[in-house]
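The chain contents come next:
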Amino acid sequence: MRTIEYLTSPDLASAFWAVVVTGLMIALFAGALSVLVVVKRLAFIGQGVSHAAFGGVGLAYLIGVGAGNGVGAGLGLLAVLLAFSLAAALGIAWLGERSGARTDTAIGIVLAVSMALGFVLLREAGARAAVTGSPAPPAIEGVLFGSVASVSWFDAGLAAVTCLGVLGVLFLVRRPMLFWAFDERVCEAFGAPGNRMRILLLCLLAIAVVVTVKLAGVVLATALFVLPGAIALRLADRLWVVVGLALAAAVVGMLGGLVVSFELDLQVGPGVVLVLAGMYAIALGVGAGTRRLATG
Amino acid sequence: MPETPQPPALEFHGVGYTYPGAAIAGAQSAEAIRGVTLDVRVGERVGILGPNGGGKSTLLKIALGLLDGYDGEVRVFGRSPAQARRDGLVGYVPQRVEAELGFPVSARQVVQMAATVGVPAWRPSGAGVRARVDECLEMVGAADFASRAIGKLSGGQLQRVMIARALAREPRMLMLDEPTVGIDAAGQERFASLVERLNKGLGLTIVVVSHDLRTIATSCDRVACLRRTLHYHDAPGGLTPAVLAEVFSHDIEAVFGEVHIDAHAAADCDDPSHQHHHGHHHHDHDDNDHECGGGHP
């Protein structure tokens, strides 16, 4: 068992516990957001936002922000990624609101352009680093699918702050957010905020995705914001049961995925996604079974 | 002009609205309504009948304070529509297809969403809110299935929950949009008697907007027919078979005979006395000028 070795060996334990704590914090806010993402059909927007982060990674390394392991580098990288992803989220929302423009077209364009841009910029940053001798940008594979090596206690702290922030904001706006999520076109007629809730949710999603990207990768991060909610909604139709199940699914999927990736020496993204996908398949079976029992 | 003891529940004076250019691609004209003058008094049950695309939802949105930039004047209980919305004076029952029925909430939670609008986040929804939610569910006969998931209700049950939600903020007027779409005959009868109960029992002013003549005939005392502008207003003495026949023929005309209707509307303006045949007689103020002036600038 490599997992136990990693978490107990005096040389490795600190680095790997940072990964576990980061993963747990991410699982909590991703699980909470995933219910809203599934119900409001924001999965594809999330995908667009996380891919925009790839362009952000490329730009950050090209202009020399984010290289190295210090807190300054971490904050610099975070700032560039946040700018990219928030711009993508709000741009997609803005395009989607204008009648005539199709949201999925907008996302398709933003997603592809960010990926192309990120690839070109990362290549360029790598070539420059080789010439100047400055720290090389991370391997593209790690950016796409996530990596354990780049995650530090700084990232764990960042994930914890994000977790507190996202869950705190969701708690504060739980009533208008719920009303908006259930009946978007009607809530304003009742004096509840409507469009402001959409923008707030997209911003929370953008921030959460950016914090997740380093561990789970640009391509697979959104799975954490979709699969837990999808699993929970298969199994229950009581709001707080669904939220609880989504949180539990995200935590189990994250820890299981970390074990898989430690054992198989895989990137974290694929490990987490495969574990969550397996849980979803089981939930499909259980959901179908209980429905058959219920109908006789 | 005699003094009115209290302002009408809903006043439209020469109200027009044109959607901005790009909003409706390919449409010849984006004008939704024009020269609409309407006067709903407190305690009345008024139906607004019109074909799909006739401007009914535009009229509703303006009354609910959701659409700005209209011409003319709109007052809801003497206030601006936006103010009336903030004050929770108007309960709104939308067409049911608009809500997210896959959402994991119970009927009770749906009513509670409206009951807790404006309650600060740090304050738990207390016993007062819970009592109000139960009262609303009881009023519409939805107490039996209050804890069932919203997606598992029948069309009629869902509609009652939507009405309970509209009652949650203790409004003085209910506006219902196509309330009987997808509801069976028995459900429609229950709906009509519920509307009567809310109207007579609670003194709620009722405005029903529908393309379905039967819905309006069974639940309202007065009818206005809307196809861009109001073609007919008032049915004094209730809906007699003769009045129904006239409204019905107007509806047919509105759907099939645009040219004829426009000529008819113009004739109304040229000859105000013509309108009095249609029953414009018990208004406190003469709004014929508004209607004609707004309709044909």
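Novice: Can you explain helix α2 (residues 13–39) of chain A? Please cite residues and give values.
Specialist: Residues and elements named next belong to chain A. Here α2 spans 39 Å end to end across 27 residues, near enough to the 39 Å set by a 1.5 Å rise per residue. The largest bend in α2 comes to about 30°, at Leu33. In terms of residue burial, α2 counts as a mostly covered element, since 19 of its 27 residues are buried.

Novice: Now, about the side chain of Arg165 of chain B: what can you tell me, with residues and values included?
Specialist: Positionally, Arg165 of chain B belongs in helix α5 (residues 155–167). Take Arg165 of chain B: its relative accessible area is 0%, and that puts it in the buried class.

Novice: Outline the packing of aromatic side chains, listing residues and values.
Specialist: Counted under the stated rule, the structure contains seven aromatic pairs over all chains. Considering the side-chain rings of Tyr6 of chain A and Phe262 of chain A, the 5.6 Å spacing of their centres and the 85° angle between planes classify their relative orientation as edge-to-face. Highlighted residues: Tyr6 of chain A in helix α1 (residues 2–8) and Phe262 of chain A in helix α11 (residues 239–264), separated in sequence by 256 residues. The class for Phe262 of chain A is buried, based on a relative accessible area of 3%. Plain terms: the ring middles of Phe179 of chain A and Phe190 of chain A are 5.4 Å apart, the flat faces sit at 50° to each other, and that makes the pair tilted. Placement of Phe179 of chain A in helix α8 (residues 174–182) and of Phe190 of chain A in the loop between α8 and α9 (195–216) is noted, with a sequence separation of eleven residues between them. You'll find Phe179 of chain A and Phe190 of chain A in the same group, each marked buried. Within the aromatic cluster, the residues linked to one another by ring pairs are Tyr6, Phe16 and Phe262 of chain A. Looking at Lys40 of chain A, its charged tip hangs above the ring of Trp180 of chain A, at a distance of 4.7 Å from the centre. The ring of Phe77 of chain B has Arg172 of chain B lying over it, and the distance from NZ or CZ to the ring centre is 4.3 Å.

Conventions adopted
Residues numbered from 1 in each chain as written. Chains lettered and ligands numbered in written order. Predicted model: local features only at pLDDT ≥ 70, side-chain atom pairs only at ≥ 80, totals over all residues. Heavy atoms only, no water. Helix = DSSP H or I, 4+ residues; strand = E, 2+ residues; numbered from the N terminus. Expected span 1.5 Å × (residues − 1). Bend = angle between axes of the 7 residues up to and from the residue. Buried < 20%, exposed > 50% of the residue type's maximum accessible area, 1.4 Å probe, protein only. Phe/Tyr/Trp six-rings, centres within 6.5 Å; stacked < 30°, edge-to-face > 60°. Lys NZ or Arg CZ within 6 Å of the ring centre and 35° of its normal.

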